[in-house]
Amino acid sequence: EDQVTQSPEALRLQEGESSSLNCSYTVSGLRGLFWYRQDPGKGPEFLFTLYSAGEEKEKERLKATLTKKESFLHITAPKPEDSATYLCAAKGSNYQLIWGAGTKLIIKP
Amino acid sequence: DVKVTQSSRYLVKRTGEKVFLECVQDMDHENMFWYRQDPGLGLRLIYFSYDVKMKEKGDIPEGYSVSREKKERFSLILESASTNQTSMYLCASSSTANYGYTFGSGTRLTVV
């Protein structure tokens, strides 16, 4: 069964303290691994798409990487405005998105 | 700026009412989706559509129906609202070529 698991469920960091969020996936025929950011009471906002192992993408303090089994969202020197829930999703051979439950990131000033 | 617009941010409806949630996109996207999001359960797909007048069931279609009469508009219908349909409803769209989804701001529905 296709599955996407995110860890940790929640992560509290001090401002400037770098860390990584994990997204493990078991999806047949991966056609894309997606990262989204969601602020409270709002819809998810698209961040990155990764298509093949070894691929990396960056946006400001965020960098997403992909292996054959997992993806990481690295956050470097985070600021309080980076606080949000980060969602990961994988698209498999049936072109459906399989969503993880998300990681709630809190950055304290 | 491309947009997916959901007609209401907050709705309160009574049990048994027929509820319409509207979603409009201005990106000429072929694909449109309705999700619900609940704490601890994540995003769950209700229905999706790959073309006008076309619809496919997602993972949790029971109690819902959809309508897509025009390419830009995708409506979610709760035939007889129940309290277990209290949730955040999210509409999304995507093009066939670009796999990324664009989401609306969501409608928080409360059924009392």
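Please refer to the structure placed before this passage.
Trainee: Break down the environment of S28 of chain A for me, with residues and values.
Mentor: Residue and element names in this part refer to chain A. Positionally, S28 belongs in the loop between strand 3 (19–26) and strand 4 (32–38). Accessibility expressed as a relative area gives 41% for S28, which makes it partly exposed. The spatial distance from the C-alpha of S28 to the C-alpha of N94 is 8.9 Å, given a sequence separation of 66 residues. Residue contacts for S28: discarding those within four places in its chain leaves D2, G92 and S93.

Trainee: Explain the sheet that holds strand 8 (residues 73–78) of chain B to me, and be specific about the residues and the numbers.
Mentor: All names here are of chain B. Pairing within the open sheet is antiparallel, and its 4 strands lie in the order 1-3-8-7. Edge strands, defined here as strands with exactly one partner in the open sheet, are strand 1 (4–6) and strand 7 (64–70). In this sheet, neighbouring strand axes are inclined to one another by 20 degrees on average, regardless of whether the strands run parallel or antiparallel.

Trainee: Give me the lowdown on the packing of aromatic side chains, citing residues and values where you can.
Mentor: Tallying each qualifying case throughout the model produces 11 aromatic pairs over all chains. Aromatic side chains Y36 of chain A and F103 of chain B sit 5.7 Å apart centroid to centroid with 90 degrees between the ring planes, which places their arrangement in the edge-to-face category. Taken as a pair, Y36 of chain A in strand 4 and F103 of chain B in strand 10 (residues 102–103) lie in two separate chains rather than in one. Ring centres of F33 of chain B and F48 of chain B lie 6.2 Å apart, and the angle between their planes is 25 degrees; on these two criteria the pair is classed as stacked. Linking F33 of chain B in strand 4 (residues 31–38) with F48 of chain B in strand 5 (residues 42–49), this pair joins segments that are 15 residues apart in sequence.

Trainee: Any chance you could break down unusual backbone geometry for me, citing the residues and the numbers?
Mentor: Across the chain, the bulk of peptide bonds are trans and the bulk of non-glycine residues have phi less than zero. Residues and elements named next belong to chain A. Residue P8 is reached from S7 by a cis peptide bond, and omega for that bond is -10 degrees. Take P8: it is sitting in the loop between strand 1 (3–7) and strand 2 (10–14). Here the phi dihedral of E60 falls at roughly 55 degrees; this positive angle occurs in a residue that is not glycine. If you trace the backbone, E60 turns up in the loop between strand 6 (56–59) and strand 7 (62–66). In this model, A77 sits at a positive phi of 45 degrees, which is unusual for a non-glycine residue. Along the polypeptide, A77 turns up in the loop between strand 8 (70–75) and strand 9 (84–91). Its relative accessible area of 36% is what places A77 among the partly exposed residues.

Trainee: I'd like a description of the interface of chain B and chain A, backed by residues and values.
Mentor: Each side of the interface is counted separately: chain B has 15 residues, and chain A has 16 residues. In this structure, the connection of chain B to chain A is made through 4 residue pairs in polar contact (both at pLDDT 80 or more). Of all the secondary-structure elements, those providing two or more residues to the side of chain B that touches chain A are strand 4, strand 5 and strand 9 (87–94) of chain B. A total of 3 residues in the side of chain B that touches chain A trace back to one element, the largest contributor, which is strand 5 of chain B.

Trainee: Can you explain the nonpolar core? Please cite residues and give values.
Mentor: In terms of nonpolar packing, the biggest core is built from 23 residues, with L33, W35, L73 and Y86 of chain A touching the most fellow members. Looking at this core, the elements with two or more residues in it are strand 2, strand 3, strand 4, strand 5 (45–50), strand 7, strand 8, strand 9 and strand 11 (103–108) of chain A. Excluding anything up to four places from it in sequence, L73 of chain A contacts S19, S20, L21, W35, F48, L62, K63, A64 and Y86 of chain A. Within the second largest apolar cluster, 21 residues are counted, among which are L21, I46, V66 and L109 of chain B.

The rules behind these values
- Residues numbered from 1 in each chain as written.
- Chains lettered and ligands numbered in written order.
- Predicted model: local features only at pLDDT ≥ 70, side-chain atom pairs only at ≥ 80, totals over all residues.
- Heavy atoms only, no water.
- Helix = DSSP H or I, 4+ residues; strand = E, 2+ residues; numbered from the N terminus.
- Buried < 20%, exposed > 50% of the residue type's maximum accessible area, 1.4 Å probe, protein only.
- Contact = heavy atoms within 4.5 Å.
- Pairing = 2+ DSSP bridges.
- Axes fitted to C-alpha atoms, helices over the stretch in contact; angles between N-to-C directions.
- Phe/Tyr/Trp six-rings, centres within 6.5 Å; stacked < 30°, edge-to-face > 60°.
- Polar contact = N/O pair within 3.5 Å; in protein donor to acceptor, adjacent residues only side chain to side chain.
- Core = buried A, V, L, I, M, F, W, Y, C linked by side-chain atoms within 4.5 Å.

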